[in-house]
Amino acid sequence: MTELRLLLATTNQGKIREIREALKGLPLKVFDLRDVLRGGSYRERGRTFLENARGKSLYYSRAWDGLTLAEDSGLEIEALHGAPGVHSARFSRPEPSDEKNIRKVLRLLRGVPRPERKARFVCTMVLAKDGKPVREFRGEVRGRIGLEPRGSNGFGYDPVFYYAPKRKTFAELPPGAKNRVSHRGRALRKLKRYLAAAAAAAPAVRLRRVPRRAPSGRR
Ligand code: ITT
């Protein structure tokens, strides 16, 4: 197996923790933007998670010699017509924070009864190399928005994302349990299969590139 070099093109520490944990065991050397970031950073302008994930991944992969993984994710709430969606991180601008984002969601949903508080988390990942997309992965998970924050694990909207099969919010689940069912965990399992196959295939690719002499007498 060949060790691949993977840059996690995100500044979100919650994402970095979850992705690093999920990729343990693969023949990968994992870096994040703190290791490489000099100069500018990417400004999201996309209207979809995929547009933003592609934008980030291609942008950072131009200055990185290994593989680059970016992801765009967020919360879509049915009663808010899909908001905050791609604006999840900055929902409470001008000075957003996880706490303020949660307060805003709870305020907008005040009076909305439990069955109408349906929501989903979506995660789109794009793997890129040398400014070109290599592969895309997606995951989502359905739940509903609780009446108040509960739990202290995770990040972002986890304290108000109630996951019925576990009867807990994502912030009440231990990290491993969240990863097993979350939007990011689902996308990561597909990415993991792809990377494991890529690492296993890499020596063969190199071998194929060794110039071969044409068998004598055939041409
Ligand atoms: P990068 O662009 O640097 O990756 P970001 O936090 O700005 O970091 P996004 O634009 O993808 O990333 O916004 C994702 C937001 O969606 C994130 O900040 C949270 O508010 C929310 N979110 C995504 N996944 C989540 C999760 O697993 N748990 C809770 N909230 C999540």
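Above this text you will find the structure in question.
So, here's what we can say about the structure. Because the structure is predicted, anything quoted here is derived from the model rather than measured. (Residues numbered from 1 in each chain as written. Predicted model: local features only at pLDDT ≥ 70, side-chain atom pairs only at ≥ 80, totals over all residues. Heavy atoms only, no water.)

**Remarks on the overall build of the protein chain**
For the protein chain, the count of helices and strands is six helices and seven strands. Reading the protein chain from its N end, one meets helices and strands in the order β-α-β-α-α-β-α-β-β-β-β-α-α. Put simply, the protein chain has 219 residues, and 44% of those count as buried. For the protein chain, restricting intrachain contacts to residue pairs at least 6 apart in sequence, the fraction spanning at least 24 positions comes to 61%. For the protein chain, the exposed surface amounts to about 12,800 Å²; the carbon and sulfur share of it is 50%. (Helix = DSSP H or I, 4+ residues; strand = E, 2+ residues; numbered from the N terminus. Buried < 20%, exposed > 50% of the residue type's maximum accessible area, 1.4 Å probe, protein only. Contact = heavy atoms within 4.5 Å. Areas by Shrake-Rupley, 256 points an atom, 1.4 Å probe, with all protein chains shown as cover.)

**So, the nonpolar core**
One finds L75, I77, I145, Y157 and F170 to be the most contacted residues of the largest nonpolar core, which totals 21 residues. Mapped by element, the contributors of at least two residues to this core are strand 3 (67-77), helix 4 (98-108), strand 4 (118-129), strand 5 (132-145), strand 6 (161-163) and helix 5 (175-181). At three residues, helix 4 tops the list of elements feeding residues into this core. Sequence-distant contacts of I77, defined by excluding residues within four places in its chain, comprise G82, A83, P84, V105, L109, K118, A119 and I145. L8, L23, L69 and M125 belong to the second largest nonpolar core, which has 20 residues in total. (Core = buried A, V, L, I, M, F, W, Y, C linked by side-chain atoms within 4.5 Å.)

**A few points about the side chain of D32**
Position of D32 relative to the elements: it lies in strand 2 (residues 28-32). The exposure class of D32 is buried, given its relative accessible area of 2%. For D32, the side chain forms a polar contact with the side chain of R20, separated by 3.4 Å. Beyond its immediate stretch of four places on either side in the chain, D32 contacts L7, L8, I16 and R20. (Polar contact = N/O pair within 3.5 Å; in protein donor to acceptor, adjacent residues only side chain to side chain.)

**Observations concerning helix 4**
Along helix 4, the residues that are buried comprise N101, I102, V105 and L106. Within helix 4, the buried residues cover an arc of 130° as seen down the axis, which keeps them to one side. Among the exposed residues of helix 4, those pointing more than 90 degrees away from its buried face are E99 and R103. (Arc of directions from axis to C-beta.)

**Notes on the site of the ligand**
The ligand sits among 21 residues. The nearest are T10, K15, K56, D158 and K178. At 2.9 Å from an oxygen atom of the ligand is found a side-chain nitrogen or oxygen belonging to E44. Taking D72, its side chain carries an N or O atom lying 3.1 Å from an oxygen atom of the ligand. Here the ligand, which alone exposes 610 Å², has 93% of that area covered by the protein. Elements supplying a minimum of two residues to the shell around the ligand: strand 3 and helix 6 (183-209). It is strand 3 that contributes the most residues to the shell around the ligand, four residues altogether. When its residues are assigned to classes, the shell around the ligand shows four nonpolar, eight polar and nine charged. (Near = heavy atom within 4 Å. Nonpolar A, V, L, I, M, F, W, Y, C, P; charged D, E, K, R; others polar.)

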